[in-house]
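Close look at the chain arrangement
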Amino acid sequence: MGRDVIVACDFSSAEATFSFLDKFSGLEKKPFVKIGMELYYAEGPDIVREIKRRGHKIFLDLKLHDIPNTVKKAMAVLSRLDADIVNLHAAGTTAMMKAALEGLTREDGTRPLLIAVTQLTSTDQESMERDLLIEKPIDEVVMHYAVTAKNAGLDGVVCSPLEARKVHDACGAGFLTVTPGIRFAEGEKGDQKRVMTPADAKAIGSDYIVVGRPITAAADPVAAYERCLREFTD
Ligand code: C5P
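What this report covers is the structure whose coordinates are included nearby. It should be emphasised that the depicted structure is a prediction, and the values quoted were computed from it without experimental measurement.

A short note on helix 11 (residues 221-233)
Counted at 1.5 Å a residue, the expected span for helix 11 with its 13 residues is 18 Å, and the 18 Å between its end C-alpha atoms agrees. Within helix 11, burial applies to P221, V222, A224, Y225, C228, L229 and F232. For helix 11, the angular spread of buried residues about the axis comes to 165°, placing them on one side. Residues of helix 11 that are buried make contact with strand 1 (4-8), helix 1 (14-21), strand 2 (32-36), helix 9 (198-204), strand 8 (208-211) and helix 10 (213-216).

Points about the site of the ligand
Every residue lining the ligand is accounted for by A8, D10, K34, T121, P180, R183, Q192, V210, V211, G212, R213 and P214. In the environment of the ligand, an oxygen atom lies 2.8 Å from a nitrogen or oxygen atom belonging to the side chain of D10. Of all elements in the fold, only strand 8 and helix 10 reach the threshold of two or more residues within the shell around the ligand. Residue classes in the shell around the ligand are distributed as 5 nonpolar, 3 polar and 4 charged.

Overview of the pairing of strand 2
A large share of strand 2 lies buried, amounting to 5 of its 5 residues. Side chains F32, K34 and G36 project from strand 2 onto one buried face, and the interleaved V33 and I35 project onto a second face that is buried too. Strand direction decides the pairing type here: strand 1 and strand 2, joined by 3 bridges, are parallel. In the strand pairing of strand 2, I6 is matched with F32. With respect to chirality, the unit in which strand 1 leads through helix 1 into the neighbouring parallel strand 2 is right-handed. The pairing of strand 2 with strand 3 (residues 58-64) spans 4 bridges and is parallel. Counterpart to G36 in the pairing with strand 3 is D61.

So, the nonpolar core
Ranked by internal contacts, the top residues of the largest apolar core, which has 66 residues, are I35, L60, M75, L88 and I215. With 8 residues, helix 7 (residues 138-152) is the largest single contributor of residues to this core. In contact with M75, other than residues within four places in its own chain, are L64, V86, N87, L88, A100, G103, L104 and L114. I6, A8, I115 and V178 belong to the second largest nonpolar core, which has 12 residues in total.

Looking at the packing of aromatic side chains
Within the structure shown, the criterion is met by 5 aromatic pairs. Arranged with centres 5.6 Å apart and planes meeting at 85°, the rings of F24 and Y225 form a pair that is edge-to-face. Of this pair, F24 sits in the loop between helix 1 and strand 2 while Y225 sits in helix 11, placing them 201 residues apart in sequence. A single burial state applies to F24 and to Y225, both of which are buried. Three or more aromatic residues link up through ring pairs in this structure, and these residues are F11, F20, F24 and Y225. Sitting above the plane of the F232 ring, R3 keeps its charged end 5.2 Å from the centroid. The ring of F184 carries the charged tip of R227 above its face, separated from the ring centre by 4.1 Å.

Notes on the pattern of salt bridges
This structure, assessed with the given rule, holds 16 salt bridges. Close ionic contact of E50 with R54 constitutes a salt bridge, the shortest N to O distance being 3.2 Å. Judged by relative accessible area, E50 falls into the partly exposed class, the value being 22%. In this structure, E231 and R227 form a salt bridge, with 3.1 Å as the shortest nitrogen-oxygen distance. Here the residue E231 and the residue R227 both occupy positions in helix 11, the gap between them amounting to 4 residues, near one helical turn. Three or more residues are tied together by salt bridges with common partners; here these are D22, E50, R53 and R54.

What counts and how
Residues numbered from 1 in each chain as written. Predicted model: local features only at pLDDT ≥ 70, side-chain atom pairs only at ≥ 80, totals over all residues. Heavy atoms only, no water. Helix = DSSP H or I, 4+ residues; strand = E, 2+ residues; numbered from the N terminus. Expected span 1.5 Å × (residues − 1). Buried < 20%, exposed > 50% of the residue type's maximum accessible area, 1.4 Å probe, protein only. Arc of directions from axis to C-beta. Contact = heavy atoms within 4.5 Å. Near = heavy atom within 4 Å. Polar contact = N/O pair within 3.5 Å; in protein donor to acceptor, adjacent residues only side chain to side chain. Nonpolar A, V, L, I, M, F, W, Y, C, P; charged D, E, K, R; others polar. Pairing = 2+ DSSP bridges. Right-handed = clockwise from strand over helix to strand, strands pointing away. Core = buried A, V, L, I, M, F, W, Y, C linked by side-chain atoms within 4.5 Å. Phe/Tyr/Trp six-rings, centres within 6.5 Å; stacked < 30°, edge-to-face > 60°. Lys NZ or Arg CZ within 6 Å of the ring centre and 35° of its normal. Salt bridge = Lys/Arg side-chain N within 4 Å of Asp/Glu carboxyl O.

See the structure below:
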């Protein structure tokens, strides 16, 4: 899979999701779709099967974090759903990440891509020190998690586009950076604090951008998606 735009389908029902995706039915290239916890917990695995059946690739953003055996078994279930990318928390440790890879790998040796969440962007230096007793600089912690994920055999990380270059420098060009926090130059930032345009994310080396509201809340979502694709992939 090459560089691509992933549309975050942050809807709470199948109905809302399909009425959104129907707008793209005329496109030859069906958008790569991200399904998060809200939609998955509302609609269950059928939502993944149906979106796949319609020809979309899927990033299933469920951020698993549990003991290795439980994550291994859960990943085996997600692998059978034929998601293209799944994820977990690097904080679950190397043992959990390796178990996840084992669970994901099908009998024929194929598997979805597996990427790690490092420190959530909602965690700042203060809350990390106070609540997690981690006293290193947060940038160092993020890079350490990325390198640990790489060493465990994972395919990449979710990170800010501002971190993409550092992650590639530390983990290699082939280690995927999947980056949310994307806005058009003239767009509303909403609750995102550190944002980048699709063109700048391309220049800095992001492999995939995850774009939600700039597409889902646009007056013309298809035009907004095509603009993202043009800026990021052309
Ligand atoms: O609407 P917006 O473009 O801000 O959506 C970005 C998507 O990426 C959302 O689904 C959000 O949960 C997700 N995300 C994020 N920042 C992270 C991790 C995930 O915005 N650090």
